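# Remarks on the overall topology
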Amino acid sequence: MAEITASMVKELREKTDAPMMECKKALTEAGGDMAKAEEILRVKLGSKAAKASARVAAEGVVGTWLAGDGKLAAIVEVNCETDFVAKNTDFLALAAKLAELVASKNPADVAALSALTIDGKTVEATRTELVGRIGENLSIRRFVRIQAQGKVAQYVHGGSKIGVLVDVVGGDETLAKDLAMHIAAAKPVALSKDQVPPELIEKERNIAAAKAAESGKPADIAAKMVEGSVQKYLKEVTLFGQPFVKDDKQTIEQLLKAKGASVPAFTLYIVGEGIEKKSTDFAAEVAAQAAAAAAR
């Protein structure tokens, strides 16, 4: 058997970017044949990606891209399994590149984005290889491309966990920046009342109705209580209805009017929002494994 030297392992790692131990194992299996070892690693990386795809990826980052004139912008959420990987430089670079691709190529959906190329390889191939190197499932969850009516302001917060793009017509840069930061802090779900998803309103109405019923008030008063609760909720979750975080004496709608500005659209991404995260009870897992071993 050929001797596997440190320089051989280093060379293979530089070619594939695979972990050192994986490179050594592949060289050993290939009997020192570099080309065969590289082939073995490609197979193993693909295998790792297949196994990882079943695991929940609820951590990650938001990547953004903004044109110099503020007229074009993009935002993308890329997920992984752990916060540790979310800080990986290759992972962060992928998120940034994907945002740029969304802006420049305007793909229709995630599948179309995955078919685009980065440095001669498809996005999907790039993602799969990164899964193999990192050992975690990575997924492209969603993206938005904005062709602005005015100019787009962007804001990224909390280690790229929250990202905002807001299209502002009129006003100045300070207003645009304040609006982006407000959205990140107050987390509106829509611009105005008529844009709030009906299912959210219905859920709030049902909650308010249950509370009104418990109060024992007459039906007409209970109905007013329900409507009042719904209207209060709509102010809280709409950008125009929210009090400005830097001056709660005025709403965002009033602020925009005072500045002679308007907001046609915004996008707010919170990493992992709506994804059911898997919680692991380590003690229970160990106990289950012990029980299974005993049964065998």
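Scroll up a little and you will see the structure.
Residues numbered from 1 in each chain as written. Predicted model: local features only at pLDDT ≥ 70, side-chain atom pairs only at ≥ 80, totals over all residues. Heavy atoms only, no water.

## Quick word on the pairing of strand S9 (residues 247-251)
- The pairing of strand S8 (residues 243-244) with S9 spans two bridges and is classified as antiparallel. Note that in S9 the partner of Pro243 across the bridge is Thr251.
- Counting the residues that bridge the hairpin from S8 to S9 gives two residues. (Pairing = 2+ DSSP bridges. Helix = DSSP H or I, 4+ residues; strand = E, 2+ residues; numbered from the N terminus.)

## Examining the sheet that holds strand S5 (residues 139-147)
- Spatially, S1-S2-S5 is the arrangement adopted by the three strands of the open sheet, whose pairing is antiparallel. Among the strands making up the open sheet, the edge pair consists of strand S1 (59-66) and S5. Averaged over all pairs of adjacent strands, the angle between strand axes in this sheet comes to 10 degrees, irrespective of strand direction. (Axes fitted to C-alpha atoms, helices over the stretch in contact; angles between N-to-C directions.)

## Topic: the pattern of salt bridges
- Counted by the stated rule, this structure contains 13 salt bridges.
- Of the charged contacts in the structure, one is a salt bridge between Glu129 and Lys121, with a shortest N-O distance of 3.0 Å.
- Classification of Lys121 by relative accessible area gives partly exposed; the value is 36%.
- As a salt-bridge pair, Glu227 and Arg205 come within 3.3 Å of each other at their nearest N and O atoms. Of this pair, Glu227 sits in helix H10 (residues 219-237) while Arg205 sits in helix H9 (residues 198-215), and the two are 22 residues apart along the sequence.
- The partly exposed category is assigned to Glu227, whose relative accessible area is 36%.
- Classification of Arg205 as partly exposed rests on a relative accessible area of 29%.
- Residues joined by salt bridges that share partners form a network here, namely Glu59, Asp83, Lys87 and Lys161. (Salt bridge = Lys/Arg side-chain N within 4 Å of Asp/Glu carboxyl O. Buried < 20%, exposed > 50% of the residue type's maximum accessible area, 1.4 Å probe, protein only.)

Nothing here speaks to function; it is geometry throughout.
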